[in-house]
Each structure stands twice: as C-alpha cells, then as structure tokens.
2 protein chains.
Amino acid sequence: MKPKAVVLLSGGLDSAVALAHAQDAGYECAALSFDYGQRHRIELECAQQQALHQMVKDHRTATIDLRLFGGSALTADVEVPKDRDLTSSEIPITYVPARNTIFLSFALGFAEVFGAGTIVTGMNAVDYSGYPDCRPEYIAAYERMANLATKAAVTGEQALRIWAPLVDMSKAEIVGRGLELGVNFADTTSCYDPDAQGQPCGHCDSCLHRDAAFAAHGLTDPRRAPAGAS
Amino acid sequence: MKPKAVVLLSGGLDSAVALAHAQDAGYECAALSFDYGQRHRIELECAQQQALHQMVKDHRTATIDLRLFGGSALTADVEVPKDRDLTSSEIPITYVPARNTIFLSFALGFAEVFGAGTIVTGMNAVDYSGYPDCRPEYIAAYERMANLATKAAVTGEQALRIWAPLVDMSKAEIVGRGLELGVNFADTTSCYDPDAQGQPCGHCDSCLHRDAAFAAHGLTDPRRAPAGAS
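Keep in mind it's a predicted model, so treat the numbers as computed, not measured.

A. Molecular detail of the overall build of chain A. Looking only at helices and strands, one finds seven helices and five strands in chain A. The helix and strand sequence of chain A, counted from the amino end, reads β-α-β-α-β-α-β-α-α-β-α-α. Residue burial in chain A is summarised as follows: out of 230 residues, 50% are buried. For chain A, long-range pairs separated by at least 24 residues make up 70% of all intrachain contacts whose partners lie at least 6 apart in sequence.

B. Fine view of the interface of chain A and chain B. On the chain B side, the residues contacting the 38 residues of chain A number 38 residues. When residues of the side of chain A that touches chain B are traced back to their parent elements, those giving at least two are strand S3 (59-63), helix H3 (99-114), helix H4 (136-149) and helix H5 (151-155) of chain A. Considering every element that reaches the side of chain A that touches chain B, the biggest residue donor is H3 of chain A, with nine residues. Residues that form the side of chain A that touches chain B fall into these classes: 23 nonpolar, seven polar and eight charged.

C. Structural context of helix H7 (residues 205-216) of chain A. Residue and element names in this part refer to chain A. An ideal rise of 1.5 Å per residue puts 16 Å on 12 residues; H7 measures up with 17 Å between its terminal C-alpha atoms. Residues of H7 that are buried: Asp205, Ser206, Cys207, His209, Arg210, Ala213 and Phe214. In this structure, the buried side of H7 is in contact with helix H1 (13-24) and helix H6 (171-180). Phi for Gly218, located one or two positions after H7, is positive at around 70 degrees.

D. Examining the environment of Ile64 of chain A more closely. Checked against the element boundaries, Ile64 of chain A lands in the loop between S3 and H3. Between the C-alpha atom of Ile64 of chain A and that of Phe103 of chain A, which follows or precedes it by 39 residues, the distance is 9.8 Å.

E. Spotlight on the sheet that holds strand S4 (residues 118-120) of chain B. Residues and elements named next belong to chain B. Reading across the sheet, the five strands line up as S3-S2-S1-S4-S5 and stay open at both edges, with parallel pairing between neighbours. Every other strand in the sheet has two partners, leaving strand S3 (59-63) and strand S5 (161-163) as the edge strands with one partner each. Taking the axes of each pair of neighbouring strands and ignoring which way they run, one obtains an average angle of 25 degrees across the sheet. Where S4 meets S5, three bridges bridge the pair, whose relative direction is parallel. Of the residues in S5, the one forming a bridge with Val120 is Trp163.

F. Seen up close, the packing of H1 of chain A against H6 of chain A. Residue and element names in this part refer to chain A. Their axes nearest at 9 Å, the elements H1 and H6 cross at an angle of 45 degrees. The orientation of H1 relative to H6 falls into the category oblique. The two elements H1 and H6 meet at a crossing, and its hand is left-handed. Packed against H1, whose contacting residues are Leu13, Asp14, Ala16, Val17, Ala20 and His21, the element H6 presents Ile174, Arg177 and Gly178 at the interface. Class assignment for the residues of the contact of H1 with H6 results in five nonpolar, two polar and two charged.

G. Fine view of the nonpolar core. The biggest cluster of nonpolar side chains holds 125 residues, and the ones touching the most others in it are Val6, Val7 and Ala107 of chain A together with Val6, Val7 and Ala107 of chain B. Excluding anything up to four places from it in sequence, Ala107 of chain A contacts Val6, Leu8, Leu32 and Ile119 of chain A.

H. Broad picture of H6 of chain A. Residues and elements named next belong to chain A. Among the residues of H6, those classed as buried are Lys171, Ile174, Val175 and Gly178. Along the long axis of H6, the arc covered by the buried residues comes to 100 degrees, so they all point the same way. Packed against the buried residues of H6 are H1 and H7.

I. Looking closely at the pairing of strand S1 (residues 4-8) of chain A. Residues and elements named next belong to chain A. In terms of burial, S1 is largely enclosed, as four of its five residues are buried. Of the pairings in the sheet, the one linking S1 to strand S2 (residues 28-35) comprises five bridges and is parallel in character. Each residue of the ladder has a partner; that of Leu8, found in S2, is Leu32. Assessed by its sense of winding, the connection that carries the chain from S1 through H1 to S2 is right-handed. Examined bridge by bridge, S1 and strand S4 (residues 118-120) share three bridges and lie parallel to one another. Within S4, the position partnered with Val6 by the bridge is Ile119.

J. Focus on the environment of Gly202 of chain B. Residue and element names in this part refer to chain B. In this structure, Gly202 sits in the loop between helix H6 (171-180) and helix H7 (205-216). The sequence separation of Gly202 and Asp83 amounts to 119 residues, and the corresponding C-alpha distance is 8.7 Å. Apart from the residues lying within four places of it in its own chain, the contact partners of Gly202 are Cys207 and Asp211.

K. Focus on the relation of the copies chain A and chain B. Screw-axis analysis of chain A against chain B gives a translation of 0.0 Å along the axis, an RMSD of 0.0 Å, and a rotation angle of 180 degrees. Here the symmetry operator amounts to a two-fold rotation axis. When C-alpha distances to the rotation axis are compared across chain A, the minimum falls at Ile64 of chain A, with a value of 2.3 Å. A share of 100% of the interface residues of chain A reappears at the interface of chain B, consistent with the copies meeting face to face through the same patch.

L. Quick look at the sheet that holds S2 of chain A. All names here are of chain A. The sheet built from five strands is open, its strands ordered S3-S2-S1-S4-S5 with parallel pairing. Each edge of the open sheet carries a strand with a single partner, namely S3 and strand S5 (161-163). Recorded for the sheet is a direction-independent mean angle of 25 degrees between the axes of neighbouring strands. Packed on one face of the sheet, H1 meets S1, S2 and S4 and runs near 170 degrees to S1. The strands touched by helix H2 (residues 42-53) within the sheet are S2 and S3, with S2 carrying the most contacts at an inclination of about 170 degrees.

So, how was this worked out
Residues numbered from 1 in each chain as written. Chains lettered and ligands numbered in written order. Predicted model: local features only at pLDDT ≥ 70, side-chain atom pairs only at ≥ 80, totals over all residues. Helix = DSSP H or I, 4+ residues; strand = E, 2+ residues; numbered from the N terminus. Buried ≥ 20, exposed ≤ 12 C-beta atoms within 10 Å, placed from the backbone. Contact = placed C-beta atoms within 7 Å. Nonpolar A, V, L, I, M, F, W, Y, C, P; charged D, E, K, R; others polar. Expected span 1.5 Å × (residues − 1). Pairing = 2+ DSSP bridges. Axes fitted to C-alpha atoms, helices over the stretch in contact; angles between N-to-C directions. Parallel < 35°, antiparallel > 145°, perpendicular 65-115°, else oblique. Left-handed = near helix turned anticlockwise from the far one by under 90°. Core = buried A, V, L, I, M, F, W, Y, C linked by C-beta atoms within 7 Å. Arc of directions from axis to C-beta. Right-handed = clockwise from strand over helix to strand, strands pointing away. Least-squares fit on C-alpha atoms with pLDDT ≥ 70 in both.

The structure is reproduced here in structure tokens:
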C-alpha cells in the first residue's frame, strides 16, 4: 500500500510541481485547496485543472474567510505593488497574515481523517518574496507542533511530516523539475493581479520571479496567451 | 496604553472565564469565535452574550467549514457518548481533528492585524477530556511556531505569547475564578448534546465535568432551567 499524503494545492506553479514530485516519489496524494476570499478566482480553477491532470482522486476545497481580518493586498482592496525591487528585505503588502499557518492547520485535520502521515507544501525559501512563513525554520517548528497536536501522534501510531520538497530550490529549478515531470504549466497561475481572462500582469513580484524562471530555460511562460490570440 | 490580546471565545465556560481573567489582568481584549459547522448554534449565541456582558468592543466570528473532513461527533452526524468513564485515557469521538490548531491559527492572523502580542485561550489540561491539543507541551510548541510565522516576530517588533491562564486549573477552580470575577455562567454552554432550547443533557463528558465543578462550590449549574420552568 502506498503511503498517503495531503498536498496543499493553490493553483500556483510551486504546488503543481510539489504534487507531481510527491506522486513521483510514490505517495497516494489527496489535495486541499482554499476558497479564502482571494480576489482572483482563477487560482481555484487552476487548482481544479491540476488535480484533474494529475489524477488526484480526492481534492477538497475548504471555504474560509480570511477577509475578516483584512491586512493584505491579496484579500483586501489594496493595490498590488508593481516592478518592486525583488532584493528588498521588506515584507510586502501581498503577505496575508498567518495564511500558511492556517492552510497547514486545515491540512493537519484532513491528514488525520485521510490517514496521511505527510503534508506536502510547495513553499520555497529562495525566491519567496520575503514571507516569514515560508522559511525552513518555520516549517520545522510547525512540524514539531503538529506532532503534539494529533491523535495519531499521541497514540504513537503515526508521526507527521511537513514536507516542502521545493524549499531549497530556486524558481528556475522548480520550473525545471516540473518540466521533467510533465507538469502542465499553462494551467497554473502565479500573478497577484491577473486580468479578467486570467492573463498575468507581468509586473508584480510573482510575475517577475516566474518570467525569469521560464527565461532561464529559454522558454516563455506557457500561461501567457500567444501574440494575436484573443 | 493597555497591552492588547485576542481571546478565543467559544461560548463555553472556560473561555468566558479566560476572557474575564485577561481583562482583569489589564488587557484590552478583542474576541474571536468560529462558526465551524458545529451542530449546536447555541454556542455562538453564548459567545455573543459573553462578549456583550464583558464589554468586548471587537468581537468577530470566522466562518470555516470543519465538516469538510468529518471525523467527529461535534461536526458530523455521529452520536455523542453518554455517561462515559471520565478516567478513560482514550481520545473520545467528540475530538475534532486539528480544531485547536486551526482556531489558534486564525487568532494568529487576527492578532497580527489587531496588533496584539497575546492570544488567550481557555484550554485546560486537567479535566480536558483527553484531547491531545489541550496539553501544555502542545501550547508551548504552538507558541514557538507562531514566533517564526508572523511579520512582527520576524522584524522583532513584538513576540507572541499563547496564554492559557486556566491550563493548570481543575474545572472546579475555573468555576471558582469565574465566580470571583462575576462571570455570568448562565450564558455559557458546555454540553455536547443540548436540547432544542439549549438545555444541557447532563450525561456527556462535558456535562459530567461541569456539574461536578458547580457541585464542588455547593451550586447547581445556573444554565439549567429551574424545576417547573418551561
């Protein structure tokens, strides 16, 4: 029997590669997405597409309301910064308070019910936009807490691992791994401010990182509509 | 200026006392409740009443769907066990996977936006029904993780404390502290299986603990309708 894992699937590039990587490593994966009041519904459509492409049998979407607290350009009506200096150490306004902690916590509940000993996340700490909750020391501390939180941990049945297989990879390396695994990148979205058709803006932090990563492989982002297409 | 705290307010006895205790200790408290698909809406009504009685200015209710995973008598259509042996070390079916972890994670997001350095929870580990995520070592591990998760922690502006002031108290001691502080216990609910009027069943784990605690003070639970009342 394959070991089970719950994969956090956002509709972005990283989590699509993390899912493919975990399946390639032999895990039976369930996937979990969040309808968290994000401004861009295209993320959830991409997550659905990835789950279909990658033949995930159990994909759930949890509805939670992060707008309750405001405080981020991704959930509130605040402008997304464009052409920002990516070497800045400042935490950007696109940071959503406690988002990864909340997502991992739902994954913990799902893992317990699904019987999974592993939670897979696409977090990475190289081209990570300066979010505090993407760092390896954060992930390690989360894992330690999780092993005190669950029934299986207490009974000693199963330890819980938070696996961030991409944590030490650059965005270009992540794209490279996805290309090897046949990930359909056209059905992933990274832009913080896409247009109504889901086309990337090309200027937010996330677009800058993504475009550079595809360029490193001599490619153009397959998400971008070809010139002249409507 | 008073230090700020976010208090997890469930509508139960413990969190009502924890809120009064934190206010008595000089904190400006905001409160956070959850509409998580619990079978008993009376909990949310009691949380509202407590916030009113205790003059909390900012009380928010986050809507989240824990039924998505099932797995508990408190969220799924599973019978609540009655007259159980409270000395059993078994984790009961009323345990909701990852519930406290999820609740604390939302509180973490709220604390960050509210500017609070303290999250207050009514968790206690003495008469705690055997839930893994109520133990002091769990709370300590959560706090450690939280201090790696937030913007203020990373910038060094403010450390985050998870404060469980009742953690070492017995249920009878918690009731005693609440009586000192003038908590209106009639507007708290603890029963896992109340009737349609919100009256406690008297036989679930939670009722057994609560009734014994009031009895230790020579009292009857003020939540119970007096004999002959309709």
